[in-house]
Amino acid sequence: MSVAHKAALAKGREQANAVRAYLEALEANRPKRGRKRTPESIAKRIATIDAQYETAGSLTALQLLQERKNLETELRVMERDSAPDLDRLQRAFVKHARAYGEAKGIEHATWREIGVSADLLREAGITRGR
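Note that the structure is a prediction, hence the values are computed from the model and not measured. (Residues numbered from 1 in each chain as written. Predicted model: local features only at pLDDT ≥ 70, side-chain atom pairs only at ≥ 80, totals over all residues. Heavy atoms only, no water.)

Draft legend 1. Structural detail: the overall build of the protein. Across its full length, the protein holds six helices and zero strands. Moving toward the C terminus, one meets the helices and strands of the protein in the order α-α-α-α-α-α. Here the C-alpha atoms of the protein give a radius of gyration of 22 Å, more than 25% beyond the 14 Å that 2.2 N^0.38 yields for 130 residues. By principal-axis analysis of the C-alpha atoms, the protein measures approximately 65 × 40 × 25 Å. Counting every position in the protein, which comprises 130 residues, the buried fraction comes to 22%. (Helix = DSSP H or I, 4+ residues; strand = E, 2+ residues; numbered from the N terminus. Rg over C-alpha atoms; globule rule 2.2 N^0.38 Å. Buried < 20%, exposed > 50% of the residue type's maximum accessible area, 1.4 Å probe, protein only.)

In structure tokens:
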């Protein structure tokens, strides 16, 4: 494999990683229906589970334990990284999205449908013509 080919592959990986990271952050931060969970509401539910567990039958206890594990994981994630650095991800997206989109044949409308704002696409140089 030539040096130029390796460089092209590395550039493609860099573009794909920038686009993927931004789209994943966009999806993760999309408003969700219902009440937003807080660390306090999770702790309250865990306390309720602990109380219910004492008198639960075996199948219910199994489900309660799994729910508790899920809530503890959610709480750790909340505490670890409250929000990704969207500014950094947007800058990388703007830098790479146009080349990535041209290489993959992704149109403006497709970017919009997945949730990328028109302003960000304009900043990235992605127009309705492509």
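Draft legend 2. Here's a closer look at the packing of aromatic side chains. Using the criterion set out here, one finds two aromatic pairs in the structure. For the pair Tyr 22 and Phe 93, a centre-to-centre distance of 4.8 Å together with 40 degrees between the ring planes defines the contact as tilted. Placement of the pair is Tyr 22 in helix α1 (residues 3-28) and Phe 93 in helix α4 (residues 86-104), with a sequence separation of 71 residues. On the numbers, 5.4 Å between centres and 90 degrees between planes, the contact of Phe 93 with Trp 111 is edge-to-face. One end of the pair, Phe 93, is in helix α4; the other, Trp 111, is in helix α5 (residues 108-114), and 18 residues separate them in sequence. A relative accessible area of 3% places Trp 111 in the buried class. (Phe/Tyr/Trp six-rings, centres within 6.5 Å; stacked < 30°, edge-to-face > 60°.)

Draft legend 3. Looking closely at α1. Between the first and last C-alpha of α1 there are 37 Å, a value that for 26 residues agrees with the 38 Å anticipated at 1.5 Å per step. Of the positions making up α1, those classed as buried are Gln 15, Ala 16, Ala 18, Val 19, Tyr 22, Ala 25 and Leu 26. Contact partners of the buried residues in α1: α4, α5 and α6 (118-124). (Expected span 1.5 Å × (residues − 1). Contact = heavy atoms within 4.5 Å.)

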